[in-house]
Amino acid sequence: MNMRPFFIAAWLLFSLALSAQPTEKEALSTIRKVTVYLQGAQVSRTAAVALPAGPTALKFTGLSPMLDPESIQVSALGNFTILSVQHQINYMKENEPDAEVKKLQTEIQQLQIKTDREQAALSALEEEERFILANKTLGGEKGWTAEDLKAGADFYRSRLTELRLRKLDISLVVQKLNEDKKRFQNQINELNARQRNVATSEIVVNVSAPAAVSAEFALSYLAPNASWTPSYDVRVQDITKPLALTYKAQVVQNTGENWSNVQLTLSTGNPSLNNTRPELQAWWLRFYEPVAYYGRRERMQTMDSPATMAKESVMSRDEDKAASGPAVEQVERTTTQEFRIAQPYSIAGGTKPVTVVIAQEEVPAFYEYYCVPKLDKTAYLTAGIADWNSYRLLSGEALLFFEGSYVGKTYLNTAETGDTLRLSLGRDESIVVERKREKEFADKQFLGGKITQTTGWNIELRNSKKQAVSIVIEDQYPLSTSEEIEVKLEQSKGAVVNPATGQPLWKLNIAPGKTEKLNFRYSVRYPGKRQLTLE
C-alpha cells in the first residue's frame, strides 16, 4: 500500500490547523480618560496595535482586577473584524510598582551608596587609630630628650583627637543616612500596603484581518472602587458683598490602577443605583384568625392563616420597596451633571483623597443674624442663598471663612425643600444679647382651687458693629398637653407667633451702636393640687 498520499493529506490538515490558530499578541494600552461617579469610575483606554494578517488574540493587560466584566466596551478603527471580547483574571502577574515606589527605591539606593562611602572612611580611620596605638612606645638605642618626649606626646594627642572627632562626625552622618533610609522604607511599605493586589484583569479581543494593518483600539470599563464627594469653601469678606463659593471634589480611587495625566470628568450620576422603576402589587386584606388551643399538655398550634401570609407578603414587598426606593428617589432628586476638568490629573491608586476644584463663583446672598437667647445668647451670622437650585449643588461639608479667618465647618444640605438655602457662618460676639426674667411677674396666684403662674421675659440686644445688622430672635412659651392646663400668651409685641410650636419670632434691623428691647409674657393656669414645673 502506498502511504505517501496519506502523509501528504495529514501534513495538509496539520498545516491548516496551524494556520487556523490565532496569533497571540500583548497590547499595551494607556488610560486617557476617567469619568468618576459618586460611586464607581469609568476608565477609558487607547492602544495602537500592528495587526498581522489572519486571526489574532490581542491581550490587553495590567487592568483593574475589580473591573465589572459586563461594563466592558471595545471599539476599533481599521480594516479588520472584531470576533469576540473576553475577560479573564491573571493571578500570576502582579501590578507594576507605583512610580512613587520606584522613586523611593532609587532614593534608598543612593542613600546606601553614601552610607557605604562613609563606612569605608570610618574603617580607614579605625585602622589608622589602631596603627598609632600599636606603635606608641618610644624606644631605640638613642636616648630621648625632654623635647622629643613632648613632641611625641603632642603628636599622639593631636592625631588621636583628630581621628576620633572625624569618626564621631562620620557616625552622625551614617546615623542620619540610616534614619532617612528607614523613613523612605516605611513610606514604601505604606504604598505597597495600599496596592497589595496580587492579580490583574485582562481583556482578550479576538480579531481577524485580511492583511496586515495598523489598528487603533479604544476600550472602557467600570471600576467600582472609586468615588468623589462634594465639598465647599464659603468665604465672606463683608456682609455687604456676595459670598465666594468654591465648589470642590474629594476624589478617591482604589481600583488597583494609577491614573497618570488623565482627562478627568466628575459626574453626579451613580451607576451602582437600581434604575428599575418600582411597581405596586395588589394589597389583599383578610380577617385575622385566632390561635387555636388544644389542651394543657398540647402545644398551641396555628397554621399560617391567609392574614398572616398576606402580612408576611406585604412585609416582603415593603422590604423590597425600601431597598429600591432610595435609588428611585436619588434619580428623581438629582439631575445628572458632568464636570470636565481641563487640566490633566494624576491620581495614584490607594492614595488619600485628592482635591479637585470644580468651580469658583460669586453668589448673591443676604445676611442676617439668628439668636435663640433661651438656649444660647450668642448671635450667629447666617447667609441665605435664594434660588439655590440653579447652582446644581450637592450636599457636602463646607469650610467657612469670614473676614479672612477660618471660623469652622458646616454642612450644606441641599435636601432642603425650601427656595432659600441657609448657611451658618459662625458666632459674632459684637452682637450682645441679654435675656432676663421680669421680676413683677414671678409670683403665683391662687384662685378658685387653681394656680395661675405668670412669667415674663425681657430681651435686650445691642449692636456694637459699625454697620446696621438684620437679626432674627426666637423664643418660646409652653404648650398644653391636658385640658387641665391652660396656657395663654399675654404679651408678644412685634412678634410673629406660631401657635402650633409656641414660638414667637422677631425680625429686627438694628442701627450701629443702638440697642433694642423685646418682651413677651405668658400665663399658665392649672389645678392647685397638681404640680407643674415651669421656667
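A brief structural summary. (Residues numbered from 1 in each chain as written. Predicted model: local features only at pLDDT ≥ 70, side-chain atom pairs only at ≥ 80, totals over all residues. Heavy atoms only, no water.)

What about the overall build of the protein?
Here is step 1: When its secondary structure is counted, the protein shows four helices and 26 strands.
Here is step 2: Expressed as a percentage of its 535 residues, the buried residues of the protein come to 35%.
Here is step 3: Within the protein, counting contacts between residues at least 6 apart in sequence, those at least 24 apart form 77% of the total.
Here is step 4: Only carbon and sulfur atoms are counted for the fraction: they give 52% of the accessible area of the protein, which is about 34,000 Å². (Helix = DSSP H or I, 4+ residues; strand = E, 2+ residues; numbered from the N terminus. Buried < 20%, exposed > 50% of the residue type's maximum accessible area, 1.4 Å probe, protein only. Contact = heavy atoms within 4.5 Å. Areas by Shrake-Rupley, 256 points an atom, 1.4 Å probe, with all protein chains shown as cover.)

Thoughts on the sheet that holds strand β9 (residues 226–236)
Here is step 1: Strand order in this open sheet of five strands is β14-β10-β9-β17-β18, and the pairing throughout is mixed. If you trace the sheet from one side to the other, it starts and ends with β14 (354–363) and β18 (405–412), each paired once. Taken over all neighbouring pairs, the strand axes of this sheet differ in orientation by 20 degrees on average, direction set aside. (Pairing = 2+ DSSP bridges. Axes fitted to C-alpha atoms, helices over the stretch in contact; angles between N-to-C directions.)

Focus: the pattern of salt bridges
Here is step 1: On inspection of all chains with the given rule, the structure shows 17 salt bridges.
Here is step 2: Note that Arg422 and Glu368 form a salt bridge whose closest N and O atoms lie 3.0 Å from each other. Within this pair, whereas Arg422 is found in strand β19 (residues 420–437), its partner Glu368 is found in strand β15 (residues 366–372), the two being separated by 54 residues in sequence.
Here is step 3: Take Glu368: its relative accessible area is 12%, and that puts it in the buried class.
Here is step 4: Between Glu486 and Arg525 there is a salt bridge, and its shortest N-O distance comes to 3.7 Å. Pair noted here: Glu486 is in strand β23 (residues 486–491) and Arg525 is in strand β26 (residues 515–527), with a separation of 39 residues, a long-range link. (Salt bridge = Lys/Arg side-chain N within 4 Å of Asp/Glu carboxyl O.)

Observations regarding the pairing of strand β3 (residues 41–51)
Here is step 1: Sheet analysis places strand β2 (residues 30–36) next to β3, joined by six bridges and oriented antiparallel. What sits directly across from Val34, in β3, is Val43.
Here is step 2: Counting the residues in the hairpin turn of β2 and β3 gives four residues, including Gly40, whose phi is positive at 105 degrees.
Here is step 3: Judged from the eleven bridges that link them, β3 and strand β8 (residues 213–223) form a sheet pairing that is antiparallel.

What to know about the sheet that holds strand β1 (residues 23–27)
Here is step 1: Strand order in the open sheet made by the four strands is β1-β4-β7-β6, with mixed pairing throughout. Of all strands in the sheet, those bounded by a partner on one side alone are β1 and β6 (81–90). When strand polarity is set aside, the average angle formed by the axes of neighbouring strands in this sheet is 25 degrees.
Here is step 2: Pairing geometry for strand β4 (residues 54–63) and strand β7 (residues 200–209), over eight bridges, is antiparallel. Within the sheet, the bridge partner assigned to Leu63 lies in β7 and is Ser201.

So, the nonpolar core
Here is step 1: Core analysis: the largest hydrophobic core is formed by 82 residues, its most contacted members being Phe60, Phe217, Trp228, Trp259 and Ile471.
Here is step 2: Discounting chain neighbours no more than four positions away, the residues touching Ile471 are Tyr369, Tyr370, Cys371, Ala379, Ile431, Leu461, Trp506, Lys507, Leu508 and Ile510.
Here is step 3: Listed in part, the eight residues of the second largest apolar core include Ile132, Leu163, Ile170 and Val174. (Core = buried A, V, L, I, M, F, W, Y, C linked by side-chain atoms within 4.5 Å.)

A few points about the side chain of Lys181
Here is step 1: Of note, Lys181 is situated in helix α3 (residues 146–194).
Here is step 2: Here Lys181 sits buried without a salt bridge, and the closest side chain of opposite charge, Asp116, lies 6.4 Å off (N-O distance).
Here is step 3: Those residues in contact with Lys181 that sit more than four places away from it in its chain are Ile108, Leu111, Gln112 and Thr115. (Lys, Arg positive; Asp, Glu negative; His and termini not counted.)

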